[in-house]
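# A closer look at the structure
One-letter residues, chain by chain:
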Amino acid sequence: MKKFRAVQKACFLFFSFLLIGWMLGNGASLWASGGEGGAYSFPEMAGWKQSGEIQIYSRTNLYDYINGGADLYLKYDFQELKVAEYENDRKASVTIEVYRHETPVHAFGIYSQERLGNANYLEVGAQGYSEKGVLNFLAADCYVKMSSVDVGPEEREVLLAFAKKVVENLGGKGSLPSILSSFPREGEKKNSEKFIAREFLGYAFFHSAFTADYELSGKKFKLFLIEGTDQKDCRNMVQEYLKHTENLQNKVEEGRYQLKDPYHGGMDFYWKGNYIWGALDLDDETLRSMVLKLFAEGLENKKINNDNRNKPSLPQAAGY
Amino acid sequence: MADNGMDRRDFMKSTAAGFGGFFFLSSNEIKPEETTKKPLKEQKIIYRTLGKTGIKLPAINMGVMNSSNPNLVRAALNSGMVLLDTATTYQRGTNEAMIGEVIKERPRDSYVIATKAHPPENRSTGLYTKEATEEDYQKKIDASLKNLGLDYIDIYHHHGASVRESVLYEPVMKALEKAKKAGKIRFIGISTHKNEPEVIQAAVDSKFYDVILTTYNFKQKHQVEIRETIAKAAAAGMGVIVMKAMGGVQLQERAEKPVEPVPALKWVLQDSNVHTIIAGFTTFDQMNLDLSVMENPTLTQSEKAHLQWAAFQTGLYCQGCGQCLMQCPEELPIPDLMRAYMYVYGYRNLSHSQDLLLSLNLPPRVCGDCAECPVKCSIGFNVSRKIQDVIRLRDVPAEFIA
Ligand code: SF4
Ligand code: SF4
């Protein structure tokens, strides 16, 4: 009986904790949460011990941890941050921040906003890079940021060893968004791909988009790809865009659009099915036609619309 | 220190600020503004001078933190905005680099750059850690110069101070002073988004800082205190820049209906001690809307009403009108229950909320006998849902929330 009471009490206390956590986190539990990264626990590491409590931040208080930077994380559907600090006998320290986002694409999005093209890239998680005292990487729906103080010459190895264990605990490294493979390879700047979660190009009617930077024939430009939920969604976006740029047309049909945007200058894009792809900052029309054709081929070849077999097929390269 | 806790006196004070004492100036209290018409888009621009720095700035400028769109920054500058605000940490310096790309096409005197860095901090005390050295801070300033591609930065803010001791933290002050002497920065600022009155007061007392950048909006429960310390800063010749005029993304998301930006910005500008606002727009439409505030910055009656409504909605304030009391067959003290809810979700003060709940002599089953709640709250609260959310706190052992 005594034992039963003790269990009953423990359960009650546990649920009390959950309740308080839920209330303070406005829905995000502090002790366990849904999603892939929810049950995440920090790894053990020989020679290091965790110092202090694990800190947990939700959408409502991320601001307390990263100040004004929090707004952008919220726009990338940030869910929860867990922070652990480790110390060794020599008082060196390592801090690990695990930012969990709503989807792996959103985690990639915020990671892509913060990585530099010329960083020292590493094979860790889906992708990572290191700088002095820093190792950041992407794994599944988490963006992980690690930093060290006073670790000494073996700093990079130490951070990498921690990173590998963190990936194991996250239950897999995940991958970069597969849709990126449809971007033309010719002239693409390595690691320049980005995911813009909202308001692409500064227009509320464009939701998210993938972009990549290019340099070809001495021209620097950007290519973009918007993945709509369906054909109708894309039609609405194109319609709104034409209205906004005062290029009103009676009938909005799939195909190529070349127009002048008051803020972005010359705009050249295609719409077909649930995809809109185009070029920005490229004034050479021949080059534009070529890269957009390559893009269409990429979309076709990679068969990224496999899961949408019933929808209109992507355009054939011929005719572009 | 931090403003998490709130006693009854504070609650009454904040409630007064939020309702009856809601800060609106009458038309004859509003100072005439210096204005100009920009020939390009006929955009009317109101200028105010940033304290003793002498920098003339439009009343609305751009906080670039949420945008990686260089054409939006170009459009802001083309529309007459002058100040671009960023930070070394925003997108790990890529935000500064993006701004650098835009401004390199323009004359140096056509824009003003403000950036900032936050020293390593113990987050529970707000005090800086041993890693917050003068050398470390100097490196941050140099990194900003490099990212922006500039020889000097107009305003460098000591970012995110939340207690007096941090405002006066010598290694950071020395680094800033040396950078100013070396011509790397023109003016020294301090930014705060927590415990603002204490931070601003300390900055005024220090006579060290030229500019303050503070959170200030119509939804803050301590807006009166902020307003008073801003007045002291302005009187001391400091420039006053406001951020989060609409309360920030997380508050916007919690609102049951979005807050309109124009009244929120006008509310800040009616305080003549505020010299400019950095608006964190991310679309061209938002930018144009924010700029339109300068056409007529006086709050209209309907805008005032919207702000009052929005303060109640998003601030989780029950108006205490009592309209619900006669509607509940169980005769629950609904306004008190709404207050308990506000303590948890607004102020994160669970013990206050629990004390209140226990004092109300509520029945064991609250709302349990109603298939549907007939209560129509005057400001649209879903009363029964809020009651069910908060009532669970009654059963949590006090030692876990003390
Ligand atoms: S649900 Fe609750 S608040 Fe609504 S009428 Fe019933 S007891 Fe009153
Ligand atoms: S009707 Fe709404 S605002 Fe009025 S007292 Fe009741 S809960 Fe509060």
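Thresholds applied
Residues numbered from 1 in each chain as written. Chains lettered and ligands numbered in written order. Predicted model: local features only at pLDDT ≥ 70, side-chain atom pairs only at ≥ 80, totals over all residues. Heavy atoms only, no water. Helix = DSSP H or I, 4+ residues; strand = E, 2+ residues; numbered from the N terminus. Buried < 20%, exposed > 50% of the residue type's maximum accessible area, 1.4 Å probe, protein only. Contact = heavy atoms within 4.5 Å. Areas by Shrake-Rupley, 256 points an atom, 1.4 Å probe, with all protein chains shown as cover. Pairing = 2+ DSSP bridges. Axes fitted to C-alpha atoms, helices over the stretch in contact; angles between N-to-C directions. Phe/Tyr/Trp six-rings, centres within 6.5 Å; stacked < 30°, edge-to-face > 60°. Near = heavy atom within 4 Å. Nonpolar A, V, L, I, M, F, W, Y, C, P; charged D, E, K, R; others polar. pLDDT = per-residue confidence, 0-100. Domains from an automatic or database assignment. Buried area = accessible area lost by both parts, 1.4 Å probe. Salt bridge = Lys/Arg side-chain N within 4 Å of Asp/Glu carboxyl O. Polar contact = N/O pair within 3.5 Å; in protein donor to acceptor, adjacent residues only side chain to side chain. Parallel < 35°, antiparallel > 145°, perpendicular 65-115°, else oblique. Left-handed = near helix turned anticlockwise from the far one by under 90°.

### Overview of the overall build of chain B
Scanning chain B for helices and strands turns up 15 helices and 11 strands. Counting only residues that meet the buried cut, chain B has 57% of its 402 residues in that class. A separation threshold of at least 6 residues defines the contact pool for chain B, and within that pool the share at least 24 residues apart is 73%. Surface summary for chain B: the accessible area is close to 16500 Å², and the carbon and sulfur share equals 51%.

### Comments concerning the overall build of chain A
Within chain A, the regular secondary structure consists of 7 helices and 13 strands. When burial is assessed residue by residue, chain A has 53% of its 320 residues classed as buried. For chain A, contacts bridging at least 24 residues in sequence account for 59% of all contacts bridging at least 6. Within the structure as shown, chain A displays about 15000 Å² of accessible surface, and the carbon and sulfur contribution to it stands at 50%.

### Side note on the sheet that holds strand 12 (residues 265-272) of chain A
All names here are of chain A. One open sheet holds the 6 strands; their spatial order is 8-9-10-13-12-11, and the pairing between them is antiparallel. Two strands close off the open sheet at either side, each with one partner strand: strand 8 (194-196) and strand 11 (255-261). Between one strand axis and the next, the sheet turns by 25 degrees as a mean value, whatever way the strands run. One ladder, built from 6 bridges, connects strand 12 with strand 13 (residues 275-280); its direction is antiparallel. Following the sheet pairing, Phe269 is matched in strand 13 by Gly278. Along the sheet face, helix 4 (residues 104-114) touches strand 8 and strand 9 (209-216) and points at about 110 degrees away from the line of strand 8.

### With respect to the packing of aromatic side chains
Both the distance between ring centres and the angle between the ring planes are used here to describe each pair of aromatic rings. All names here are of chain A. Applying the stated rule across the entire model yields 30 aromatic pairs over all chains. Between Tyr111 and Tyr129, the aromatic rings sit 6.0 Å apart at their centres with planes inclined by 40 degrees, giving tilted as the arrangement. Linking Tyr111 in helix 4 with Tyr129 in strand 5 (residues 127-131), this pair joins segments that are 18 residues apart in sequence. When sorted by exposure, Tyr111 lands in the same class as Tyr129, which is buried. With a centroid separation of 6.3 Å and 45 degrees between ring planes, the pair formed by Phe205 and Tyr241 is classed as tilted. Taken together, the residues span a long stretch of sequence, with Phe205 in the loop between strand 8 and strand 9 and Tyr241 in helix 6 (residues 231-244) at a distance of 36 residues. For Tyr241, a relative accessible area of 1% corresponds to the buried category.

### Examining the side chain of His306 of chain B
Here His306 of chain B lies in helix 12 (residues 301-314). Those residues in contact with His306 of chain B that sit more than four places away from it in its chain are Pro258, Val259, Glu260 and Pro263 of chain B.

### Some thoughts on the site of ligand 1
Lining the immediate surroundings of ligand 1 are Cys328, Pro329, Glu330, Leu332, Cys367, Cys370, Cys373, Pro374, Val375, Ser384 and Ile387 of chain B. Counted by class, the shell around ligand 1 contains 9 nonpolar, 1 polar and 1 charged residues.

### Structural notes on the confidence of the model for chain A
Residue and element names in this part refer to chain A. Considering every residue of chain A, the mean pLDDT works out to 83; 81% of them sit at 70 or more. Predicted confidence in chain A is weakest over helix 1 (residues 2-24), with a mean pLDDT of 57, and strongest over strand 9, with 96. Counted against residues more than four places away or in other chains, residues 25-38, with its pLDDT under 50, gives 29 contacts. Scored below 50 in pLDDT, residues 307-320 makes 23 contacts in the model with residues more than four places away or belonging to other chains.

### Let's talk about the domain arrangement of chain A
All names here are of chain A. Domain boundaries assigned for chain A yield domain 1 (49-170) and domain 2 (179-310). For domain 1 and domain 2, the distance between their C-alpha centroids amounts to 32 Å. Across the boundary between the two partners, domain 1 contributes 14 residues, which contact 12 residues of domain 2. Both sides of the domain 1 and domain 2 interface together cover about 1000 Å² of buried area, and 49% of this is carbon and sulfur. Contact with domain 2 buries area across many residues of domain 1, yet Lys75, Phe108 and Arg115 alone supply 40% of it, more than any other trio. Between Glu193 and Arg115 there is a salt bridge whose closest N-O contact spans 3.2 Å. Taken together, the links from domain 1 to domain 2 amount to 7 residue pairs in polar contact (both at pLDDT 80 or more). Looking at the side of domain 1 that touches domain 2, the elements that each hand over two or more residues are helix 3 (70-75) and helix 4. The element best represented in the side of domain 1 that touches domain 2 is helix 4, accounting for 6 residues. Class assignment of the residues belonging to the side of domain 1 that touches domain 2 gives a composition of 5 nonpolar, 6 polar and 3 charged.

### Thoughts on the packing of helix 4 (residues 134-148) of chain B against helix 6 (residues 170-181) of chain B
Residue and element names in this part refer to chain B. Close contact between helix 4 and helix 6 brings their axes to 8 Å; oriented N to C, the two are set at 45 degrees. In this view, helix 4 runs oblique relative to helix 6, as classed from their interaxial angle. Relative to helix 6, helix 4 is oriented so that their crossing is right-handed. On the side of helix 4, the interface is formed by Glu134, Tyr137, Gln138 and Ile141, while helix 6 contributes Pro171, Val172, Lys174, Ala175, Leu176, Lys178 and Ala179. Per-class residue counts for the contact of helix 4 with helix 6 are 7 nonpolar, 1 polar and 3 charged.

### Describing the confidence of the model for chain B
All names here are of chain B. Averaged over all residues, the pLDDT of chain B is 85; the fraction at 70 or higher stands at 83%. pLDDT under 50 marks residues 1-21. Its contacts with residues more than four places away, or in other chains, come to 39 contacts. At the level of chain-chain contacts, confidence expressed as ipTM amounts to 0.75, with global pTM at 0.74.

### Quick look at the pairing of strand 13 of chain A
Residues and elements named next belong to chain A. In terms of residue burial, strand 13 counts as a mostly covered element, since 6 of its 6 residues are buried. Residues Tyr275, Trp277 and Ala279 line one face of strand 13 and the alternating positions Ile276, Gly278 and Leu280 line the opposite face, and both faces are buried. In terms of strand pairing, strand 10 (residues 219-227) meets strand 13 through 6 bridges, oriented antiparallel. Across the sheet, residue Phe224 finds its bridge partner in strand 13, namely Gly278. Counted between consecutive antiparallel strands, the loop separating strand 12 from strand 13 contains 2 residues, among which Gly273 sits at a positive phi close to 60 degrees.

### Considering helix 4 of chain A
Most of helix 4 of chain A sits inside the fold, with 9 of its 11 residues counted as buried. Among the residues making up helix 4 of chain A, those that are buried are His106, Ala107, Phe108, Gly109, Ile110, Tyr111, Ser112, Gln113 and Glu114 of chain A.

### Section: the sheet that holds strand 1 (residues 49-58) of chain A
Residue and element names in this part refer to chain A. Here 7 strands make up an open sheet; going across it, the order is 1-2-3-7-6-5-4 and the pairing antiparallel. Pairing within the sheet leaves two strands with one partner each, and these edge strands are strand 1 and strand 4 (120-122). Neighbour-to-neighbour, the strand axes of this sheet turn through a mean angle of 15 degrees, independent of strand direction. Where strand 6 (residues 134-139) meets strand 7 (residues 142-149), 6 bridges bridge the pair, whose relative direction is antiparallel. Within the sheet, the bridge partner assigned to Ala139 lies in strand 7 and is Cys142. Packing of helix 4 onto the sheet brings it into contact with strand 3 (93-101), strand 4, strand 5, strand 6 and strand 7, and relative to strand 7 it is tilted by some 40 degrees.

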